[in-house]
Amino acid sequence: MAKEPRHLWLLGLSGSGKSTLGPRLAQALSLPWVDTDQEIAREAGKTIPEIFQTEGEEGFRQRESRVLEKIAAGPAAVVSCGGGIVVRDANRHRMQSTGLRIYLKADPSTLARRLRTSRDRPLLPGDEREATLGKLFAERSRSYEESELTVDVASLQPEEVVSAIQKKLPAPWSR
């Protein structure tokens, strides 16, 4: 792992709080914040659902890997990653070699409850959301579990999660 502060990669399924917690953690640590999905949409000039519709999941994953590579080569940041970024081995290795992976863990029923009003999740149709989250959890949990830090976020408020992460951060990120 890098000796100087590098990236803090926030990982987890949709609804785990990556986009909510990212800016708060970044502010607490005086680091910039980047959201991979926002960067993908900005570069593509399309929304994430539009990318899935026109390019499919594979096209999206290719864009995601390219954005991850750019972010990894840049200055230290807190990075909120899309839930599926861990499906590619190269992505997991790149995150491991350029910073610290933080798994924001919550069970599928909690995530489904948090996402009940969300309409912009192409892999999570509303009527099958909890079942789909359960399937994704089963498929991805081993990759998430490779993370250097895990924080169970199911029963915590955003401020409590940020505090829990800060307490677990090793030097040189801890302050």
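Since we're looking at a predicted model, the values are computed, not measured.

S.K.: Now, about the packing of aromatic side chains: what can you tell me, with residues and values included?
M.R.: Given two aromatic rings, one states the distance between the centres and the angle between the planes to describe the pair. If you walk through the whole model with that rule in mind, you get 2 aromatic pairs. Judged by centre distance (4.9 Å) and plane angle (20°), the rings of Tyr103 and Tyr144 are stacked. Separated by 41 residues along the polypeptide, Tyr103 in strand E4 (residues 99-105) and Tyr144 in helix H6 (residues 129-145) bring together distant segments of the chain.

S.K.: If you had to explain the pairing of strand E5 (residues 149-152) to someone new, which residues and values would you point to?
M.R.: Side chains of E5 alternate between two faces, with Leu149 and Val151 buried and Thr150 and Asp152 left unburied. In terms of strand pairing, E4 meets E5 through 4 bridges, oriented parallel. If you follow Tyr103 over to E5, its bridge partner there is Thr150.

S.K.: Go over the nonpolar core with me, naming the residues and quoting the values.
M.R.: Ranked by size, the top nonpolar core spans 48 residues in total, and within it Leu8, Ile165 and Leu169 carry the most contacts. With 8 residues, the top contributor of residues to this core is helix H3 (residues 48-73). Leaving out residues up to four positions away in the same chain, Leu8 has contacts with Leu25, Leu29, Ala77, Val78, Val79, Leu100, Ile102, Leu169 and Trp173.

S.K.: Talk me through the pattern of salt bridges; I want residue IDs and the actual numbers.
M.R.: Applying the stated criterion across every chain, the model contains 14 salt bridges. In this structure, Arg63 engages Glu55 in a salt bridge whose closest nitrogen and oxygen atoms are separated by 2.9 Å. Asp89 is paired through a salt bridge with Arg92; the nearest N and O atoms lie 2.5 Å apart. Taken together, the positions of Asp89 and Arg92, both in helix H4 (residues 89-98) and 3 residues apart, correspond to about one turn of that helix. The partly exposed category is assigned to Asp89, whose relative accessible area is 43%. What makes Arg92 buried here is its relative accessible area of 10%. Look at the salt bridges and you will find they share partners, linking Asp89, Arg92, Arg101, Glu146 and Glu148 into a network.

What counts as what
- Residues numbered from 1 in each chain as written.
- Predicted model: local features only at pLDDT ≥ 70, side-chain atom pairs only at ≥ 80, totals over all residues.
- Heavy atoms only, no water.
- Phe/Tyr/Trp six-rings, centres within 6.5 Å; stacked < 30°, edge-to-face > 60°.
- Helix = DSSP H or I, 4+ residues; strand = E, 2+ residues; numbered from the N terminus.
- Buried < 20%, exposed > 50% of the residue type's maximum accessible area, 1.4 Å probe, protein only.
- Pairing = 2+ DSSP bridges.
- Core = buried A, V, L, I, M, F, W, Y, C linked by side-chain atoms within 4.5 Å.
- Contact = heavy atoms within 4.5 Å.
- Salt bridge = Lys/Arg side-chain N within 4 Å of Asp/Glu carboxyl O.

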